[in-house]
Amino acid sequence: MDVLNDTFFEEPKTVNPFPEEDYNKKGKLRRVRPRILKKLLKYEFKAYLTPMLIMLTALFALAIALCVLGCFITPEDFENNSDSDPGRMIAWVIGLVIFIWVALAAIFFPLVFATKTYHKQFFTSQGYLTLSIPASPQEHILAKRIAGYIAMAIGSIAAVIAIIIAFLPLLGMIGADGTPPSDPSVAPLISGWDILYIVLEMLVSPLLLMSVCGGFVCWRHRGLKTWMIVVLGVGLYFLSTVLGVVLAGAILTIPAHVWEFLLEAGKWISLALKCGVVYLLWLYETQTLRSKINLK
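Small disclaimer: the values here were computed from a predicted structure and weren't measured.

*Asks:* An account of the packing of helix 2 (residues 34–71) against helix 6 (residues 137–167) is requested, with residue identities and associated values reported.
*Replies:* Between helix 2 and helix 6, the least distance of the axes is 9 Å, while the angle of their chain directions is 15°. By the angle between their directions, the pair helix 2 and helix 6 is classed as roughly parallel. Crossing geometry of helix 2 relative to helix 6 is assigned as right-handed. Tallied by class, residues from the contact of helix 2 with helix 6 come to 27 nonpolar, 3 polar and 3 charged.

*Asks:* Go over the pattern of salt bridges with me, naming the residues and quoting the values.
*Replies:* Counted by the stated rule, this structure contains 6 salt bridges. Among the salt bridges present, the one from Lys 144 reaches Glu 44, with a minimum N-O distance of 2.9 Å. Residue Lys 144 is located in helix 6, and its partner Glu 44 is located in helix 2; the two are separated by 100 residues in the primary sequence. Considered together, Lys 144 and Glu 44 belong to a single accessibility category, that of buried residues. Measuring nitrogen to oxygen at the nearest pair gives 2.2 Å for the salt bridge that ties Glu 201 to Lys 274. Of the two residues, Glu 201 sits in helix 7 (residues 192–221) while Lys 274 sits in helix 9 (residues 256–291), which places them 73 residues apart along the sequence. A relative accessible area of 16% means that Glu 201 is categorised as buried. Several salt bridges share partner residues, and in doing so they unite Asp 194, Glu 264 and Lys 267 into one network.

*Asks:* With reference to specific residues and values, describe the packing of aromatic side chains.
*Replies:* Working definition: an aromatic ring pair is given by the centre-to-centre distance plus the angle between the planes. Counted under the stated rule, the structure contains 9 aromatic pairs. With centroids separated by 5.5 Å and ring planes inclined at 65°, the aromatic side chains of Tyr 197 and Trp 268 adopt a geometry described as edge-to-face. Highlighted residues: Tyr 197 in helix 7 and Trp 268 in helix 9, separated in sequence by 71 residues. Connected via pairs of aromatic rings, a cluster forms that spans Tyr 48, Phe 109 and Phe 113. Positioned over the ring face of Phe 122 is Lys 144, at 5.4 Å from the centre of the ring.

*Asks:* Tell me about a nonpolar patch on the surface, and name the residues and values.
*Replies:* A cluster of nonpolar side chains, Val 93, Val 97, Ile 100, Trp 101, Leu 104, Phe 108 and Leu 209, forms an exposed patch at the surface whose accessible area comes to about 640 Å². At 6 residues, helix 4 (residues 86–123) tops the list of elements feeding residues into the nonpolar patch. With relative accessibility at 38%, the residue Val 93 sits in the partly exposed group.

*Asks:* I'd like a rundown of the confidence of the model for the protein chain, residues and numbers included.
*Replies:* Looking at the protein chain, pLDDT values average 81 and 82% of them are 70 or higher. Per-element mean pLDDT across the protein chain ranges from 47 in helix 1 (residues 2–8) up to 92 in helix 6. In this model residues 183–187 is a low-confidence stretch, pLDDT under 50, and it forms 0 contacts with partners more than four residues away in sequence or in other chains.

*Asks:* Please set out helix 7 residue by residue, giving values where relevant.
*Replies:* In an α-helix there are 3.6 residues to a turn, and that puts residues three or four apart on one side. If you check helix 7, its first and last C-alpha atoms are 44 Å apart, about what 30 residues at 1.5 Å a residue would give, namely 44 Å. Of all the residues in helix 7, the buried ones are Asp 194, Tyr 197, Glu 201, Val 204, Pro 206, Leu 208, Met 210, Ser 211, Gly 214, Gly 215, Val 217 and Cys 218. Downstream of helix 7 by one or two residues, Gly 223 has phi in the positive range, about 120°.

*Asks:* Tell me what's going on with the environment of Lys 42, and back it up with residues and numbers.
*Replies:* As for its position among the elements, Lys 42 is in helix 2. In this structure, the C-alpha to C-alpha distance between Lys 42 and Ala 147, residues 105 residues apart in sequence, is 9.1 Å.

*Asks:* Go over the side chain of Ser 136, please, and point to the residues and values.
*Replies:* Mapped onto the secondary structure, Ser 136 falls in the loop between helix 5 (127–130) and helix 6. Of note is the side chain of Ser 136, whose polar atom sits 2.4 Å from the backbone oxygen of Arg 31. Excluding residues within four positions of it along the chain, Ser 136 makes contact with Arg 31 and Arg 33.

Each value, and the rule that gives it
- Residues numbered from 1 in each chain as written.
- Predicted model: local features only at pLDDT ≥ 70, side-chain atom pairs only at ≥ 80, totals over all residues.
- Heavy atoms only, no water.
- Axes fitted to C-alpha atoms, helices over the stretch in contact; angles between N-to-C directions.
- Helix = DSSP H or I, 4+ residues; strand = E, 2+ residues; numbered from the N terminus.
- Parallel < 35°, antiparallel > 145°, perpendicular 65-115°, else oblique.
- Left-handed = near helix turned anticlockwise from the far one by under 90°.
- Nonpolar A, V, L, I, M, F, W, Y, C, P; charged D, E, K, R; others polar.
- Salt bridge = Lys/Arg side-chain N within 4 Å of Asp/Glu carboxyl O.
- Buried < 20%, exposed > 50% of the residue type's maximum accessible area, 1.4 Å probe, protein only.
- Phe/Tyr/Trp six-rings, centres within 6.5 Å; stacked < 30°, edge-to-face > 60°.
- Lys NZ or Arg CZ within 6 Å of the ring centre and 35° of its normal.
- Patch = residues over 30% accessible without salt bridge, like charges linked within 9 Å, V, L, I, M, F, W, Y side chains within 5 Å.
- Areas by Shrake-Rupley, 256 points an atom, 1.4 Å probe, with all protein chains shown as cover.
- pLDDT = per-residue confidence, 0-100.
- Contact = heavy atoms within 4.5 Å.
- Expected span 1.5 Å × (residues − 1).
- Polar contact = N/O pair within 3.5 Å; in protein donor to acceptor, adjacent residues only side chain to side chain.

Shown next as structure tokens:
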């Protein structure tokens, strides 16, 4: 009888609605779950696949075309000699202009595509479907950041490779007149810290651009008006003008060694500020998706 009473009054065990891997050691649901993040990334990469393939195909097709045209160009074509054929240079220059625009599009297309889909999937009628997925705001935004960042990196690397292919036939003309190369002793030395800064800057800058675009979309959703954008643009213009005048005056008054130290410290401070802006925008975006959504 006592056994039956103990069984009857025993509190039922709570069953977690998600798999055990979604919880941390304290039994709380993780804000970013690898299982959910993988699924979101799958759909993000699928959305990028077709437009990126079209963009990269056009980029390498133009690069190969410029490479073929460059095989028929001679050094005399750059000097406008009577023996040169202007048609070859005209065709190559026209192809080069188109190639430059396509290369820029390959680099910045992921940024434009990410901003457009960000607004469409979160702040339009499609947001009802997106936000009904059992995923946290951190998982949604992180999936879009990772996919856009990788797509932007692929576009940039593809653009560099395409540029090498396009100019490959013309590389043999450099130094063809027999002039000796410049003295390497007068070339500025690049230290390990400079290389580290360049690498970090290349890693942080695309993430900052994507974060600024995402934060701007959230700001527009939370009530940013057109006149505010105009005032902000005018304010930034005058601020940059004043800073330019101040820097010009500082160059003339501050000693060279002090100015060199300030520039060296300033670039690391600016890099830290960029990381801080990325983090603050991350908090702003997640807070917007968590409590400031107003779909119509």
